[in-house]
Amino acid sequence: DTTIAWRAGTNVLWQFSFDPQKGKTFFNPLTAGNGVSLTNFKPEDHPWHYGFWFSWKYINHVNYWEEDRATGRAQGATRWAKPAVTTQKSGSATIRLKIICTNPSNQVDMTENRVLKISAPKTDGSYTIDWRADFKAGKQGAVLDRTPMLGEPNGAVNGGYAGLGLRMVSAPLTMSVVCSTGLVTHFENDRARPNAAAVGCNFSDGANFIGGLAIFSDPKNAGENAPWYLINSEQMRFACAAILAPKPRTLKPGERMNLHYRIAVRPKAWTVEALQTTTP
């Protein structure tokens with residue numbers, strides 16, 4: 001009643017939760033067909049990280065991202081109606097959701113119509129998730145904001161994140177990162193902020209390759225070289241399609257905004273060439 005998943009034998013390839021008791025809808029786990037999850041769900045350091053999920057940071061100065069550790073609730077409430085789910089015998093699925101973001105005054109800050117299309121898995125266990133979201137600002141409009149970036153007033157090293165988030169498996173697995181513009185090797189304070197059409201994260205246990213996750217940003221989202229916010233440390237692996245990193249966005253009352261991403265999971269490593277030649 002609250003999840004849908006694809007299983008290959010005893011291994012879960014992916015699972016999507018729309019449990020109304022949770023703070024967000026989310027994918028967890030995402031695997032490359034070998035049963036090893038590439039996502040990290042509600043870790044102790046950030047229990048509001050839901051594996052693979054979407055959340056704005058601030059809408060109209062209300063925090064929708066972080067949750068109270070005791071109650072599990074954010075300042076702004078994210079709610080949704082039961083989704084319409086369509087599945088095919090091939091293994092593909094389409095999930096349609098209406099999401100409502102409501103502030104503490106019970107005023108609707110934003111609504112969203114989300115369509116998730118998961119492809120039928122290939123024989124090697126690879127699959128894609130097309131993520132399309134149509135946002136509409138409430139009657140008061142919507143100021144979409146984030147923690148300030150370094151160089152801005154009150155800027156922080158962790159500034160800029162908001163939107164599509166991917167919290168990934170930690171040590172003992174190792175992670176390497178590649179973008180469609182090249183390898184990502186320079187992490188300052190364990191963080192990198194490349195601009196590229198796509199980013200790929202590859203996981204290994206040292207002896208064996210475990211799987212690769214990639215996120216492709218439609219050029220209509222933020223141009224050909226979209227902003228990303230990446231963390232790669234033993235304790236935390238995180239990727240965010242940081243669409244608000246360049247600047248906050250403001251929507252007028254009733255104004256719409258569309259975002260489109262493709263997530264691709266496969267049992268082999270992502271390379272610069274593979275990211276450049278895959279259609280988002």
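Residues numbered from 1 in each chain as written. Predicted model: local features only at pLDDT ≥ 70, side-chain atom pairs only at ≥ 80, totals over all residues. Heavy atoms only, no water.

Let us look at the overall build of the chain. Counting its regular elements, the chain contains two helices and 24 strands. For the chain, whose C-alpha radius of gyration is 18 Å, the value lies close to the compact-globule estimate of 19 Å for 280 residues. Oriented by its inertia axes, the alpha-carbon framework of the chain measures out at about 50 × 45 × 40 Å. Of all 280 residues assigned to the chain, the portion counted as buried reaches 52%. Contacts in the chain between residues at least 24 apart in sequence constitute 60% of all its contacts with a sequence separation of at least 6. Roughly 12800 Å² of accessible area belongs to the chain as shown, and the carbon and sulfur atoms make up 48% of that amount. For the chain, the centre of its 31 positive side-chain charges and the centre of its 22 negative side-chain charges are spaced 7 Å apart. (Helix = DSSP H or I, 4+ residues; strand = E, 2+ residues; numbered from the N terminus. Rg over C-alpha atoms; globule rule 2.2 N^0.38 Å. Buried < 20%, exposed > 50% of the residue type's maximum accessible area, 1.4 Å probe, protein only. Contact = heavy atoms within 4.5 Å. Areas by Shrake-Rupley, 256 points an atom, 1.4 Å probe, with all protein chains shown as cover. Lys, Arg positive; Asp, Glu negative; His and termini not counted. Charge placed at Lys NZ, Arg CZ, Asp CG, Glu CD.)

With that settled, the discussion passes to the pairing of strand S18 (residues 198-204). Within S18, seven of the seven residues are buried, which leaves it mostly tucked inside the rest of the structure. Of the two faces of S18, both are covered, the one formed by Ala198, Gly200, Asn202 and Ser204 as well as the one formed by Val199, Cys201 and Phe203. In the sheet, strand S14 (residues 174-179) pairs with S18 via six bridges, with the strands oriented antiparallel. The partner of Thr174 across the bridge, within S18, is Ser204. (Pairing = 2+ DSSP bridges.)

Time to look at the pattern of salt bridges. Going through the model one piece at a time under the given rule, you end up with eleven salt bridges. The salt bridge involving Arg262 is made with Asp130; its shortest N-O contact spans 2.8 Å. Here the residue Arg262 occupies a position in strand S24 (residues 256-266), and Asp130 occupies one in strand S11 (residues 127-137), the gap between them amounting to 132 residues. The network of salt bridges with shared partners includes Lys24, Lys42 and Glu67. (Salt bridge = Lys/Arg side-chain N within 4 Å of Asp/Glu carboxyl O.)

What follows covers the nonpolar core. Counting residues in each nonpolar core, the largest one holds 63 residues, and the members touching the most others are Trp14, Phe27 and Trp56. It is S11 that contributes the most residues to this core, six residues altogether. Leaving out residues up to four positions away in the same chain, Trp56 has contacts with Tyr64, Trp65, Met110, Phe135, Leu144, Gly163, Ile243, Leu244, Met257 and Leu259. Formed by 14 residues, the second largest nonpolar core is a distinct cluster that contains Trp65, Met149, Ile231 and Cys240. (Core = buried A, V, L, I, M, F, W, Y, C linked by side-chain atoms within 4.5 Å.)

Another aspect to go through is the sheet that holds strand S1 (residues 3-8). Strand order in the open sheet made by the eight strands is S1-S2-S3-S4-S13-S22-S21-S16, with antiparallel pairing throughout. If you trace the sheet from one side to the other, it starts and ends with S1 and strand S16 (191-192), each paired once. Bridge count for strand S3 (residues 26-30) against strand S4 (residues 52-55) is two bridges, and the pairing is antiparallel. Paired with Phe27 across the strands is Phe52, a residue of S4.

Pairing between strand S8 (residues 84-87) and strand S9 (residues 93-102): four bridges, direction antiparallel. In the sheet register, Ala84 faces S9, and the bridge partner there is Arg96. Here S8 folds back onto S9, and the loop between the two strands holds five residues, one of which, Gly91, carries a positive phi near 110°.

A word on the packing of aromatic side chains. Enumeration over the complete set of coordinates arrives at 19 aromatic pairs. Centre to centre, the rings of Trp53 and Trp65 are 5.4 Å apart; their planes meet at 50°, and the pair counts as tilted. In this pair, Trp53 sits in strand S4 while Trp65 sits in the loop between strand S6 (62-63) and strand S7 (77-80), placing the two residues twelve residues apart along the sequence. There is no split in this pair, since Trp53 and Trp65 are both buried. By way of ring pairs, the aromatic residues Trp14, Phe16, Phe18, Phe27, Phe52 and Trp131 are connected into one cluster. The ring of Trp270 has Arg266 lying over it, and the distance from NZ or CZ to the ring centre is 4.0 Å. (Phe/Tyr/Trp six-rings, centres within 6.5 Å; stacked < 30°, edge-to-face > 60°. Lys NZ or Arg CZ within 6 Å of the ring centre and 35° of its normal.)

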